[in-house]
Amino acid sequence: MKFFADTADVAELRSLAGTGLMDGVTTNPSLIAKSGRKIAEVIAEICSITEGPVSAEVTATDLETMLKEGRYLRDIAKNVCVKVPLTEAGLRTCKVLSDEGTPVNVTLCFSANQALLAAKAGATFISPFVGRLDDIGQDGMEMIADVVQIYDNYNFATEILVASIRHPVHVLQAAKLGAHVGTMPPSVIKAMMKHPLTDRGLDAFLADWAKTGQSIL
């Protein structure tokens, strides 16, 4: 399972890149706005931090402008993946850009039917939002299970990029279902490293070692 960092904070990304746990990055208009910087500048810097795909999202809602924005974004760096919303115009944009050889991430997916359409439109990634479904009383992971089954049935090349991940349990559930990618805030990746028994065991080892008076170096 690949891990994408869902942030536009370049300091966090540089720190995470050093762990070897980051396979790519996803951004969106809200994350770019939070950075307070120009989108092209931010995307270019992120693309220099990772060799993996960096999702840069269009903000237009009509086909013609989406295509213009998508082509502009893809020219920023070779590892840009253009991100479009799951609307009719977004799917049309996905089809055109995919046919041009541009990787496309179709986002804001909330049903297996939507995911099926994105795969047929040639999406490189589909981003189903599990946390937002959980927020309204639906089980986001049920959707992931359905998408995995459908994609397996027809051998779609589109990768399932689980989004709106809120905590490590979401990651575990997505991995067990066979999702290809999980995108999450760096804080979730760091939370996966933690376990109270690990901390307790390390404290005990260090205490015993201190009693020996030895030093490895």
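Up top is the structure these notes are about.
Keep in mind the model is a prediction, meaning the values are calculated, not measured.

**Re a negative patch on the surface**
Part 1 of the reasoning: A surface patch of like charges, here negative, comprises Asp134, Asp139, Glu142 and Asp146.
Part 2 of the reasoning: As for its position among the elements, glutamate 142 is in helix H8 (residues 140-154).

**Overview of the layout of surface pockets**
Part 1 of the reasoning: The volume enclosed by the largest pocket comes to roughly 380 Å³.
Part 2 of the reasoning: Together, 21 residues line the largest pocket, and Asp6, Asn28, Leu31, Phe129 and Arg132 are the ones closest to its centre.

**Here we look at the packing of H8 against helix H9 (residues 168-177)**
Part 1 of the reasoning: Where H8 contacts H9, the two axes come as close as 10 Å, and the packing angle between them is 20 degrees. By the angle between their axes, H8 is roughly parallel relative to H9. In this structure, the crossing between H8 and H9 has a hand that is right-handed. Contacts between H8 and H9 involve Met141, Ile144, Ala145 and Val148 from the first element and His170, Gln173, Ala174 and Leu177 from the second.
Part 2 of the reasoning: Residues belonging to the contact of H8 with H9 are distributed by class as follows: six nonpolar, two polar and no charged.

**Remarks on the sheet that holds strand E8 (residues 181-184)**
Strand pairing in a sheet relies on backbone hydrogen bonds, with the paired strands running either antiparallel or parallel.
Part 1 of the reasoning: A barrel is described by the order of its strands in space; here eight strands give the closed sequence E1-E2-E3-E4-E5-E6-E7-E8, paired in parallel fashion. Pairwise comparison of adjacent strand axes, ignoring direction, gives a mean angle of 30 degrees for this sheet.
Part 2 of the reasoning: Contacts from helix H5 (residues 88-99) reach strand E4 (80-85) and strand E5 (104-109), with the element oriented near 155 degrees to E4.

**Overview of the pairing of strand E1 (residues 2-6)**
Part 1 of the reasoning: Where E1 lies against E8, four bridges are found, and the strand directions are parallel. Note on E8: the bridge partner recorded for alanine 5 is methionine 184.
Part 2 of the reasoning: Across three bridges, the pairing between E1 and strand E2 (residues 24-26) is parallel. When the sheet's bridge partners are listed, aspartate 6 is paired in E2 with threonine 26.
Part 3 of the reasoning: The parallel pair E1 and E2, bridged by helix H1 (residues 10-17), forms a crossover whose chirality is right-handed.

**Overview of the pattern of salt bridges**
Part 1 of the reasoning: The full count for this structure, using the stated rule, is 12 salt bridges.
Part 2 of the reasoning: Between arginine 166 and aspartate 135 there is a salt bridge; the shortest N-O distance is 2.9 Å. With arginine 166 in the loop between strand E7 (159-162) and H9 and aspartate 135 in helix H7 (residues 130-135), this pair connects stretches of sequence that are 31 residues apart.
Part 3 of the reasoning: Among the residues examined, arginine 166 registers a relative accessible area of 41% and is labelled partly exposed.
Part 4 of the reasoning: For aspartate 135, a relative accessible area of 53% translates into the label exposed.

Conventions used here
- Along every chain, residues carry numbers that run from 1 in the direction the sequence is written.
- Confidence filtering applies because this is a predicted model: local features only for residues at pLDDT of at least 70, side-chain atom pairs given and counted only at 80 or more, and all residues used for totals across whole chains, interfaces and linings.
- In computing side-chain properties, one takes all heavy atoms of the structure into account and sets aside hydrogens as well as water.
- Residues enter patches when they are more than 30% accessible in relative terms and free of salt bridges; like-charged ones are connected within 9 Å and nonpolar ones (Val, Leu, Ile, Met, Phe, Trp, Tyr) within 5 Å.
- Exposure was quantified through the Shrake-Rupley algorithm and a 1.4 Å probe, taking into account, for residues, occlusion by the shown protein chains and nothing else.
- A carboxyl oxygen of Asp or Glu within 4 Å of a side-chain nitrogen of Lys or Arg is what we treat as a salt bridge.
- Under this rule, positive means Lys or Arg and negative means Asp or Glu; His and the chain ends count for nothing.
- Taken as the charge location is NZ of Lys, CZ of Arg, CG of Asp or CD of Glu.
- In DSSP terms, a helix is any run of H or I states spanning at least four residues, a strand is any run of E spanning at least two, and both are numbered starting from the N terminus.
- Using a 1 Å grid laid over the protein atoms alone, points where a 1.4 Å probe fits but cannot get out form a cavity; open sets with protein on both sides within 12 Å along at least 5 of 7 lines form a pocket; any residue with an atom within 4 Å of a point counts as lining.
- Grid points are joined across faces, edges and corners, and a volume is the space filled by probe spheres set on the points.
- Each axis is a line fitted through C-alpha atoms, taken for helices only over the stretch in contact, and angles between the N-to-C directions span 0 to 180 degrees.
- An angle below 35 degrees is treated as roughly parallel, one above 145 as roughly antiparallel, one from 65 to 115 as roughly perpendicular, and anything else as oblique.
- The handedness criterion is simple: a crossing whose near helix is rotated anticlockwise from the far helix by less than a right angle is left-handed, and one whose near helix is rotated clockwise is right-handed.
- It only takes one pair of heavy atoms within 4.5 Å for two residues to be counted as in contact.
- Classification used: nonpolar for Ala, Val, Leu, Ile, Met, Phe, Trp, Tyr, Cys and Pro, charged for Asp, Glu, Lys and Arg, polar for all others including Gly.
- For two strands to count as paired, DSSP must find a minimum of two bridges between them.
- Looking down the strands as they point away from the viewer, one classifies a crossover as right-handed if the path from the first strand across the helix to the second runs clockwise.
- Burial classification: accessible surface area is computed with a 1.4 Å probe over protein chains only, and a residue below 20% of its type maximum counts as buried, one above 50% as exposed, and the rest as partly exposed.

In short, geometric facts, not functional conclusions.
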